[in-house]
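Below are the chains, spelled out letter by letter.
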Amino acid sequence: MSSTFRTAVIRTPAGPDSIEIIEVPVVDPGPGEVRVEIAAASVNPVDLALADGMFHELGFVDQPDHTGIGWDFAGTVTAVGPDVDVPAGARVAGLVTGFDRDYGTYAEQLIVAATDIALVPDGLDLTAAATVPMNGLAAAQAVDLLGDGAGRTLLVTGAAGTVGAYAVTFARERGWLVTGLARTDDERFVRDLGADFTTRTDARAWDAVVDAAALQERGLALVRDNGVFVGVRPGAEPKAERGVTVGAVSVQPDGTRLARLLADTASGRLTARVHAVVPLEQAAEAHRAVAKGGVRGKYVIQP
Ligand SMILES: NC(=O)c1ccc[n+]([C@@H]2O[C@H](COP(=O)([O-])OP(=O)(O)OC[C@H]3O[C@@H](n4cnc5c(N)ncnc54)[C@H](OP(=O)(O)O)[C@@H]3O)[C@@H](O)[C@H]2O)c1
């Protein structure tokens with residue numbers, strides 16, 4: 001086995017052109033950890049923001065040389081540390097959060113806590129599985145912040161996006177009457193999720209908003225007085241007004257819940273949305289394409 005592996009990192013953030021592929025030493029998993037050979041890693045908006053320097057500016061990145069990029073992945077366990085009962089050879093998916101790390105999931109390998117991964121069911125391919133952890137968990141945890149709907153109305157902004165579509169599904173299951181805000185061309189997709197559809201952003205008409213389009217203040221303005229707003233930018237929530245409860249999801253790894261999301265994807269109850277598959281060398285091109293907007297489903301990187 002090679003003593004190094006390839007990983008995409010950011011040294012000085014300056015957009016997609018600052019994504020660099022370097023070789024770093026292979027590390028052995030410590031107690032409670034596994035090493036995964038990554039088969040697929042999805043491109044998420046947070047990765048674009050990292051490459052643009054947003055998190056460096058916020059002071060979240062404190063790395064001497066470079067910082068790794070990529071949050072979710074699917075792959076195969078190649079080594080296990082002490083106190084881990086996942087066998088080598090297992091197909092898994094998972095999520096790594098935070099910004100201070102030497103490498104992320106745009107990499108050939110990853111060391112990750114065994115509690116933060118889940119087995120990928122037979123019949124679900126690793127490319128599809130890689131689209132689930134970040135956005136499935138974020139949507140589920142956003143809906144946790146809402147609680148039960150009991151017939152109240154909810155607007156999900158960005159309902160044709162990855163987080164948004166999951167949020168529509170999970171909120172409906174908890175009794176919310178859901179409307180999806182999306183682009184005109186997304187109407188069929190949103191209605192097929194079982195939601196009503198709107199393109200309007202000028203009505204203060206909803207008991208709650210899950211703001212998966214990150215409209216921020218414009219999203220908050222759509223909530224009725226004393227309603228609930230759940231954003232997707234923790235630490236940068238819009239200022240509370242009119243008695244609206246304002247929160248934001250900050251996605252956390254959760255292997256147990258991820259296992260359920262993957263099972264539901266394998267059974268077809270949830271849909272994995274892959275837009276395109278690209279090699280690691282084309283990460284910058286994928287970032288440029290995502291930045292333009294209009295992409296539905298994930299770019300998936302295959303290291
Ligand atoms: N805090 C967390 O833990 C967490 C975790 C995961 C994701 N997020 C955040 O959640 C957001 C969504 O992520 P994602 O992966 O689901 O992105 P995505 O798939 O690109 O979805 C965003 C959707 O919002 C739509 N949109 C944007 N502005 C709109 C508008 N004015 N009207 C209607 N639709 C609009 C986009 O359409 P167009 O492409 O046509 O613009 C796109 O369909 C991102 O901001 C991401 O950073 C946060």
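Residues numbered from 1 in each chain as written. Predicted model: local features only at pLDDT ≥ 70, side-chain atom pairs only at ≥ 80, totals over all residues. Heavy atoms only, no water.

- An unreviewed UniProt entry lists the protein under the name NADP-dependent oxidoreductase, with Nocardia aurea given as the organism.

Overview of the overall build of the protein
At step 1: Helices and strands together make up the secondary structure of the protein, namely nine helices and 16 strands.
At step 2: In terms of C-alpha radius of gyration, the protein reaches 19 Å, essentially the compact-globule figure of 19 Å for 303 residues.
At step 3: For the protein, the spread of C-alpha atoms along the three principal axes comes to 60 × 40 × 35 Å.
At step 4: Every one of the 303 residues in the protein was classed for burial, and the buried ones make up 54%.
At step 5: Within the protein, contacts between residues separated by at least 24 positions form 64% of all contacts whose residues are at least 6 apart in sequence.
At step 6: With an accessible surface of roughly 13000 Å², the protein has 49% of that area assigned to carbon and sulfur atoms.
At step 7: Across the protein, 26 positive and 39 negative side-chain charges occur, with their mean positions spaced 9 Å apart. (Helix = DSSP H or I, 4+ residues; strand = E, 2+ residues; numbered from the N terminus. Rg over C-alpha atoms; globule rule 2.2 N^0.38 Å. Buried < 20%, exposed > 50% of the residue type's maximum accessible area, 1.4 Å probe, protein only. Contact = heavy atoms within 4.5 Å. Areas by Shrake-Rupley, 256 points an atom, 1.4 Å probe, with all protein chains shown as cover. Lys, Arg positive; Asp, Glu negative; His and termini not counted. Charge placed at Lys NZ, Arg CZ, Asp CG, Glu CD.)

Remarks on the side chain of Gln216
At step 1: By the element assignment, Gln216 lies in the loop between strand 12 (206-211) and helix 7 (217-220).
At step 2: Within polar-contact distance, the side chain of Gln216 engages the backbone oxygen of Ala236 at 2.7 Å.
At step 3: In this structure Gln216 touches Asp211, Phe229, Arg233, Ala236 and Pro238, once residues within four positions along its chain are discounted. (Polar contact = N/O pair within 3.5 Å; in protein donor to acceptor, adjacent residues only side chain to side chain.)

What to know about the site of the ligand
At step 1: Inspection of the region around the ligand gives 24 residues, with Val163, Val249, Val251, Gly294 and Lys298 positioned closest.
At step 2: In the model, an oxygen atom of the ligand is placed 2.7 Å from a nitrogen or oxygen of the Gly294 main chain.
At step 3: Within the side chain of Lys298, a nitrogen or oxygen atom sits 2.6 Å from an oxygen atom of the ligand.
At step 4: If the ligand stood free it would expose 910 Å²; the protein chains cover 82% of that surface.
At step 5: Tallying contributions element by element places helix 4 (residues 133-146) first for the shell around the ligand, with three residues.
At step 6: Residue composition of the shell around the ligand, grouped by class: 14 nonpolar, seven polar and three charged.
At step 7: Here the shell around the ligand gathers at least three residues from each of two domains, domain 1 (4-131 + 272-302) and domain 2 (135-248). (Near = heavy atom within 4 Å. Nonpolar A, V, L, I, M, F, W, Y, C, P; charged D, E, K, R; others polar. Domains from an automatic or database assignment.)

Remarks on the packing of helix 1 (residues 45-52) against helix 9 (residues 283-292)
At step 1: One way to put it is that helix 1 packs onto helix 9 with a least axis distance of 10 Å and a crossing angle of 110°. Our classification of the angle between helix 1 and helix 9 gives roughly perpendicular. Counted together, Asp47, Leu48 and Ala51 of helix 1 and His287, Val290 and Ala291 of helix 9 form the full contact between these two elements.
At step 2: Across the contact of helix 1 with helix 9, the residue classes break down as four nonpolar, one polar and one charged. (Axes fitted to C-alpha atoms, helices over the stretch in contact; angles between N-to-C directions. Parallel < 35°, antiparallel > 145°, perpendicular 65-115°, else oblique.)

Description of the packing of helix 4 against helix 5 (residues 162-173)
At step 1: Interaxial distance between helix 4 and helix 5 falls to 8 Å at its minimum, and their mutual angle equals 45°. Comparing the axis directions of helix 4 and helix 5 gives the class oblique. Crossing angle aside, the handedness with which helix 4 passes helix 5 is right-handed. Packed against helix 4, whose contacting residues are Asn135, Gly136, Ala138, Ala139, Ala140 and Val143, the element helix 5 presents Thr162, Val163, Tyr166, Ala167, Phe170 and Ala171 at the interface.
At step 2: Taken together, the residues that form the contact of helix 4 with helix 5 break down as nine nonpolar, three polar and no charged. (Left-handed = near helix turned anticlockwise from the far one by under 90°.)

As for the sheet that holds strand 14 (residues 245-248)
At step 1: Strands sit in the order 11-10-9-12-13-14 across an open sheet of six strands; the sheet is parallel. Strands at the two margins of the open sheet, each flanked by one partner only, are strand 11 (196-198) and strand 14. Taking the axes of each pair of neighbouring strands and ignoring which way they run, one obtains an average angle of 20° across the sheet.
At step 2: Running over the sheet, helix 4 touches strand 9 (153-157), strand 12, strand 13 (223-231) and strand 14 and is turned about 150° from strand 13.
At step 3: On top of the sheet, helix 5 reaches strand 9, strand 10 (177-181) and strand 12; it is set at about 165° to strand 9, its chief contact. (Pairing = 2+ DSSP bridges.)

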